[in-house]
Structures are given as structure tokens and as C-alpha cells.
Amino acid sequence: MNKINKNGKNKIINEQRIDNWLFRSRLIKSRAKAQRIIIDGYVKINKIRTSKPSVKIKIGDIITLTNLDSIFILSVENFAKNRLNAKEALKLYKEIKII
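Cut-offs and rules
Residues numbered from 1 in each chain as written. Predicted model: local features only at pLDDT ≥ 70, side-chain atom pairs only at ≥ 80, totals over all residues. Heavy atoms only, no water. Helix = DSSP H or I, 4+ residues; strand = E, 2+ residues; numbered from the N terminus. Buried < 20%, exposed > 50% of the residue type's maximum accessible area, 1.4 Å probe, protein only. Contact = heavy atoms within 4.5 Å. Areas by Shrake-Rupley, 256 points an atom, 1.4 Å probe, with all protein chains shown as cover. Pairing = 2+ DSSP bridges. Salt bridge = Lys/Arg side-chain N within 4 Å of Asp/Glu carboxyl O. Core = buried A, V, L, I, M, F, W, Y, C linked by side-chain atoms within 4.5 Å. 1 Å grid on protein atoms, 1.4 Å probe; cavity = no way out; pocket = protein on both sides within 12 Å on 5 of 7 lines; lining within 4 Å. Points joined across faces, edges and corners; volume = space filled by probe spheres on them. Nonpolar A, V, L, I, M, F, W, Y, C, P; charged D, E, K, R; others polar. Phe/Tyr/Trp six-rings, centres within 6.5 Å; stacked < 30°, edge-to-face > 60°.

Student: What is the right way to look at the overall build of the protein chain in this model?
Tutor: Each helix and strand counted, the protein chain has 3 helices and 7 strands in total. Written out in order from the N terminus, the α and β elements of the protein chain read β-α-α-β-β-β-β-β-α-β. Taking all 99 residues of the protein chain together, 35% fall into the buried category. Excluding contacts between residues fewer than 6 apart, the proportion of contacts in the protein chain whose partners are at least 24 apart in sequence is 41%. When the accessible area of the protein chain is evaluated, it comes to approximately 6,500 Å², of which 51% is carbon and sulfur surface.

Laid out in C-alpha cells, this is it:
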């Protein structure tokens, strides 16, 4: 689990905004695009559709991303303070199913 202190280095992150998490995990290219797909209704958290980018997610939550031709179901495994490189970003989630 990532930690961040009072200055931003060692405090444990227990939750994170869904738009930030989607961007930092490299599932979506920008935070603005993440906000747009959430507002448009393409994101579910634990099988409940959300339209608010500010909704907080926790480790273990199930995220469903729908697209015109595919569905991605992911489990939240960790959080990040910043956007990660592709290899590190894979540690933030576990793919459950891609349809």
C-alpha cells in the first residue's frame, strides 16, 4: 500500500477519487477524459453506476468500465500518489474479466 507522510511521504492512502485512480492507473489518458466517461455513465463501482467523478473508491472495490464494444472488470489493488509508468500502473488493479 502506498504511504504518504504529513509532507506527502508516509501517510497510508485508504481511498482515492475514481477519476484520479483511473488516470493514475493509466486506464484513461487524462483526468478530464476520466471525468467525462464517469459523467457519461460508463463506470460502475461495485455494480452501481456512478456519475460523480469525486466518488471515493477503496481497495477491493470492483470497477466496471464499459465501452461501445467491450467491458473491463477490474479489482482495485492499490493507490498511487502520482501517475505511474505502465509497468508500475499494472500493480494498481487486477483484471477480473474483459468481454
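Additional details are given in the paragraphs that follow.
Student: How do you make sense of the sheet that holds strand E6 (residues 71-76) when you look at a structure like this?
Tutor: Through backbone hydrogen bonds, the strands of a sheet pair up, either in parallel or in antiparallel fashion. Spatial strand order, E3-E2-E5-E6-E7: 5 strands in an open sheet with antiparallel pairing. In this open sheet, the two edge strands, each paired with only one partner strand, are strand E3 (48-49) and strand E7 (93-98). Here E6 runs beside E7; their pairing, made up of 5 bridges, is antiparallel. From the neighbouring strand, Ser75 faces E7, where its bridge partner is Lys94.

Student: Explain the pattern of salt bridges here, please?
Tutor: In a structure, side chains of opposite charge can pair up when their charged atoms sit close to one another. With the rule as written, the count across this model stands at 4 salt bridges. For Arg17, the salt bridge is made with Asp19, and the minimal N-O distance between the two is 3.0 Å. Taking relative accessible area as the criterion, Arg17 reaches 25% and is therefore assigned partly exposed. Linked by salt bridges that have partners in common, Arg17, Asp19 and Arg31 make up one network.

Student: Help me understand the nonpolar core in this model?
Tutor: Considering soluble globular proteins, one finds that nonpolar side chains tend to be buried as a cluster. Within the largest apolar cluster, 18 residues are counted, with the highest numbers of intra-cluster contacts made by Ile18, Trp21, Leu22, Val43, Ile57 and Ile63. Put simply, the parts of the chain that give this core at least two residues each are helix H1 (18-24), helix H2 (31-39), strand E2 (43-45), strand E5 (62-66) and E6. Ranked by the residues each element gives to this core, the list is headed by H1, at 3 residues.

Student: How do you make sense of the layout of surface pockets when you look at a structure like this?
Tutor: The gaps left among the atoms become clear once a water-sized probe is rolled over them. Approximately 200 Å³ is the volume attributed to the largest pocket. The class makeup of the residues in the lining of the largest pocket is 9 nonpolar, 2 polar and 1 charged.

Student: Would you explain the environment of Ile57 in this entry?
Tutor: With respect to the secondary-structure elements, Ile57 resides in strand E4 (residues 56-58). Leave out the neighbours within four places in its chain, and Ile57 touches Asn14, Glu15, Gln16, Ile18, Trp21, Ile45, Ile63, Val76 and Phe79.

Student: In this structure, what is going on with the packing of aromatic side chains? I would like to understand it.
Tutor: Think of a pair of aromatic rings as described by two things: how far the centres are apart, and how the planes are tilted against each other in angle. A complete count under the given rule lists 1 aromatic pair for this structure. Look at Trp21 and Tyr93: their rings are 6.3 Å apart centre to centre, the planes differ by 80°, and that puts the pair in the edge-to-face class. In this pair, Trp21 sits in helix H1 while Tyr93 sits in strand E7, placing the two residues 72 residues apart along the sequence. Here Trp21 falls in the buried class, since its relative accessible area comes to 0%.

Shape descriptors only; they carry no functional weight alone.
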